[in-house]
Each structure stands twice: as structure tokens, then as C-alpha cells.
Amino acid sequence: MDVFGLLGNPVGHSLSPPMHEAAYDELGMDARYVTFEPAPDDLGAAIDGARALGVAGLNVTIPFKEAALPHVEADDLAARIGAVNTIDFPDGDAADDAPTGHNTDAAGVRRSFAHHDVTLAERDAVVVGAGGAARAAAFALADAGAAVHVANRTVERAERLVADVGRETPDVSERVTSGGLDSLGTRVSDADVVINATSVGMEEDRSPVPSDALHADLAVLDAVYRPLDTRLLRDARERGATTIDGAWMLLYQGVEAFERWTGRDAPVDAMNEALRARL
Ligand code: NAP
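Moving on: the domain arrangement of the protein chain. Partitioning the protein chain into domains gives domain 1 (2-103 + 249-276) and domain 2 (106-244). Here the C-alpha centre of domain 2 lies 26 Å away from the C-alpha centre of domain 1. Contact residues are listed per partner, giving 14 residues for domain 1 and 16 residues for domain 2. Of the roughly 1,500 Å² buried at the junction of domain 1 and domain 2 (both faces included), carbon and sulfur atoms supply 58%. Looking at the side of domain 1 facing domain 2, the largest losses of area belong to Arg-80, Met-249 and Tyr-252, adding up to 46% of the total buried there. Applying the counting rule to domain 1 against domain 2 returns three salt bridges. Here Arg-111 and Glu-256 are joined by a salt bridge, their closest N and O atoms 2.7 Å apart. Linking domain 1 with domain 2 are eight residue pairs in polar contact (both at pLDDT 80 or more), by the criterion used here.

Below, the discussion takes up the environment of Ala-68. For Ala-68, the position within the fold is in the loop between strand S3 (57-60) and strand S4 (73-74). Put simply, Ala-68 and Ala-83 are 15 residues apart on the chain and 7.4 Å apart in space, counted from C-alpha to C-alpha. Other than its neighbours up to four places away in sequence, Ala-68 contacts Leu-43, Val-60 and Val-84.

This brings us to the nonpolar core. Counting 57 residues, the largest nonpolar core has Phe-113, Leu-141, Val-148, Val-150 and Leu-251 as the members making the most contacts within it. Examining the composition of this core, we find that ten residues originate from one element, helix H10 (residues 246-262), more than from any other. Three or more residues apiece are contributed to this core by two domains, here domain 1 (2-103 + 249-276) and domain 2 (106-244). What Leu-251 contacts, discounting residues up to four positions off in sequence, is Met-19, Val-268, Met-271, Asn-272 and Leu-275. Counting residues in hydrophobic clusters, the runner-up holds 16 residues, among them Leu-184, Ala-213, Leu-214 and Ala-236.

Reading the values: the criteria
Position numbers for residues count from 1 along each chain, tracking the sequence in the order it is written. Only residues with pLDDT of 70 or above have their local features reported here, since the model is predicted, and side-chain atom pairs are shown and tallied only from 80 upward, although totals for entire chains, interfaces and linings are computed over all residues. Based on all heavy atoms of the structure, the side-chain values leave hydrogens and waters out of the count. These domain limits were set by an automatic method or by a database of domain assignments. What makes two residues a contact is simply this: any of their non-hydrogen atoms within 4.5 Å. Here the quantity called buried area is the accessible surface, traced with a 1.4 Å probe, that two parts lose on coming together, added over both. Here, a salt bridge means any side-chain nitrogen of Lys or Arg that lies within 4 Å of a carboxyl oxygen of Asp or Glu. A 3.5 Å cut-off defines polar contacts: any pair of N or O atoms within that distance qualifies, except that in protein one atom must be a possible hydrogen donor and the other a possible acceptor, and neighbouring residues in sequence count only when both atoms are side-chain atoms. A run of DSSP states H or I qualifies as a helix once it reaches four residues; a run of E qualifies as a strand once it reaches two. Both are numbered from the N-terminal end. Here, the term nonpolar core denotes a set of buried Ala, Val, Leu, Ile, Met, Phe, Trp, Tyr and Cys residues that are joined through side-chain atoms within 4.5 Å. Note on classification: 1.4 Å probe, protein chains only; a residue is buried when its accessible area is under 20% of the maximum for its type, exposed when over 50%, partly exposed between these limits.

What follows is the structure, given as C-alpha cells:
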């Protein structure tokens, strides 16, 4: 039996186990997906221990995504984002190599838009937020060739994110900008793509984007998935925009991890159904 797992704290309400196990069932794989809550100081020991026990792959979530970096050989994207959410343990001839670290949240963003036939190259995009989800979103959009404006309540965090996105890539640094929330309405009015990567909309029925800035030529992804139908998405739908809920991003980061670990195409519909049944 293959064992995959999730390192986080807490992980009790994670949707990853049912999503991944739906894939194993669909493909008739003898595999299980289990959750682990190591103490913060034990992260390295947990990764080493998982490897020693023959765990086939790990996801990593809050609060370990940044802390996992020194314990893995991070790929270029994960190193640039500064966070790892997927660890792969080499096997066969490479079994003694270091575990590799990846960031599939960025792929989650990219593939969510692709699923909805939204192209990103040469489009004007606005990312609201500058935390973990926003970092993945900003790198995904910039790498896909979009012009990206990062708007955040704490402007300095947006500035830092934009500097990181543009670092060592002059062509990218020319098309990434940052600002506060005061000019968000104007930015969104002129944009093709908007991502809410703040937690606004989770606890209260509130949107971070002024509704009068939304328009029919916009594609709006809300990273918030609890609730699934947020105020932002309802406002956007009313204005005729294309709307993409946070479950798509969650789904496609899992799909990307599954495919990396197994080398097989993920059964996306089965994973999507299992996920949405729990939201
Ligand atoms: P985080 O690192 O804590 O960042 C939170 C962000 O929200 C920061 O930019 C923060 O601004 C902003 N924010 C918080 N309260 C605000 C308010 N009242 N007004 C304006 N801005 C506010 O969190 P995260 O991990 O990036 O997660 C953000 C959201 O994305 C959460 O809802 C999370 O569930 C979701 N998410 C979804 C997926 C998915 O796969 N769908 C993946 C990851 C995260 P400041 O910098 O000014 O504090």
C-alpha cells in the first residue's frame, strides 16, 4: 500500500484526505492519505521520519509551508515563492537523493483559469492580498505572462511581494506593481482578471472589491472556499463576470500534487465531486 500524507497544525478539518482518496478509489489504487500534526520544532524530524517509513509523498500546510524549505531540494518556483506545499521522495536509483519541494498552489491558480478557458498571457491582473495565497497567485500570473498589480491593506507587504516576483527577471519586474486598497476600484475597472487572496469574505459576508468596479469582461477567482459562494463572487456574477470559486484552486493544487507523486493523470472529476460534497 502507498501512503501519502499532510503535515500541518491543525489539520483536523482538511479536505485533502477525501479528495485524494477519491482519486485512489477511482483509479483502483491501493493507497491511503493520512494527516500528521508535528510540533513546530519537529518538522525536519517528521519529514525524515516519513521518508524512513516509506511515505510516498507529503503535502505541507500552515504553519509549515515556509519552514519546510530548508528540509527539501526546492524547485525553482517553490524557491522563488518561498514556500513548499508538496514534497516528493525520490525512489529507485535516486532513493538517496534529498526530498524535492514544490509549490502546487501556483499551479492551482493557473489550472483554475485554464479550466474556465481564461487566458492569462498579456492580460491585466489584480491580486488582492499579499499573504501566502497571494504569493502563489502573483507568481502564477506573472509566470503566465500577465501584468500583475498586487493591492494589499499593508502596502509594504505588497511592495515586498512585487519585488520578489520581479527579482532577477527584468522583463517581469516591468509588469508588476503594488499599492494599497484605496486605488483598488480603479485597478479592477481596468483589469481582465482579479484574484481575492485575502481572508475577507470568510467570517463576514463582505467583499474586498468595490462592487461597482466589477464588469462583464472580468474573470474573478476567490481563493476563499468557506463559504464557497462569497459576496465577491455574487457581486461579480451580477455584473456578468466569469466567476471561479476557491474550491477550484484547492482542487487543482491537489491534482498537481497527485500527478507529481504518481506520474498519472488525476481523475479530476472524482476529486472535484469528493471535495464539493464536503463544502
Ligand atoms: P495570510 O497569509 O494570513 O494572508 C491574509 C491576507 O488577507 C493578507 O494580505 C491580509 O492583509 C489580508 N487581510 C486580512 N484581513 C483583512 C481585512 N479585514 N481587510 C483587508 N485585507 C485583509 O492568509 P493566506 O494563507 O494567504 O489565505 C488567504 C485566504 O486564501 C484564506 O481565505 C484562505 O483560506 C485562502 N486560501 C485558499 C486556498 C485555495 O486553495 N483555495 C489556498 C490558500 C489559501 P495584511 O497583509 O494587511 O494583513
